[in-house]
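# Residue-level structure breakdown
The residues making up each chain are set out below.
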Amino acid sequence: MPKAYWIAHVDVKDPEPYGIYAKLASACFVKYGANILARGGDYEPLEGAIRARNVVIEFESMEQALACYHSPEYQAAKAHRLGKAEAELLIVQGA
């Protein structure tokens, strides 16, 4: 079964509630067996709209990634991010 990757591009507007989101979301990622590959490190803008924070998280499957996103735990974490950051988020299946 192919792995799946959660890819997010984020501009944080209010760091304090975003920090709460990050802490709660991290616990959720652990619960769902995620492997954080990139989280807010250095980057080189090349093309298109660029956000300041970029995240790549690996899951064992698309089903596991979607279960994490739709879980009550992640939805509770997400409530701390909404309105406090602008983000694009997608889950893509690996090759």
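Since the model is a prediction, treat every value here as computed from it, not as a measurement. (Residues numbered from 1 in each chain as written. Predicted model: local features only at pLDDT ≥ 70, side-chain atom pairs only at ≥ 80, totals over all residues. Heavy atoms only, no water.)

With their axes 7 Å apart at the nearest point, helix H1 (residues 15–31) and helix H3 (residues 72–81) run at an angle of 165 degrees to one another. When the interaxial angle is binned, H1 and H3 end up roughly antiparallel. Crossing handedness for the pair H1 and H3: left-handed. Counting all contacts with H1, which are made through Pro17, Tyr18, Ile20, Tyr21, Leu24, Ala25, Cys28, Phe29 and Lys31, the residues of H3 involved are Glu73, Tyr74, Ala77, Lys78, His80 and Arg81. Along the lines of polarity and charge, the residues of the contact of H1 with H3 split into ten nonpolar, one polar and four charged. (Axes fitted to C-alpha atoms, helices over the stretch in contact; angles between N-to-C directions. Helix = DSSP H or I, 4+ residues; strand = E, 2+ residues; numbered from the N terminus. Parallel < 35°, antiparallel > 145°, perpendicular 65-115°, else oblique. Left-handed = near helix turned anticlockwise from the far one by under 90°. Contact = heavy atoms within 4.5 Å. Nonpolar A, V, L, I, M, F, W, Y, C, P; charged D, E, K, R; others polar.)

This next bit is on the packing of aromatic side chains. Enumeration according to the criterion identifies nine aromatic pairs in this entry. With a centroid separation of 5.4 Å and an interplanar angle of 40 degrees, the aromatic rings of Tyr69 and Tyr74 are classed as tilted. Of the residues examined, Tyr74 reaches a relative accessible area of 1% and is grouped as buried. A connected cluster of aromatic rings, assembled from ring pairs, spans Trp6, Tyr18, Tyr21, Phe29, Phe59, Tyr69 and Tyr74. Looking at Arg81, its charged tip hangs above the ring of Tyr21, at a distance of 5.3 Å from the centre. (Phe/Tyr/Trp six-rings, centres within 6.5 Å; stacked < 30°, edge-to-face > 60°. Buried < 20%, exposed > 50% of the residue type's maximum accessible area, 1.4 Å probe, protein only. Lys NZ or Arg CZ within 6 Å of the ring centre and 35° of its normal.)

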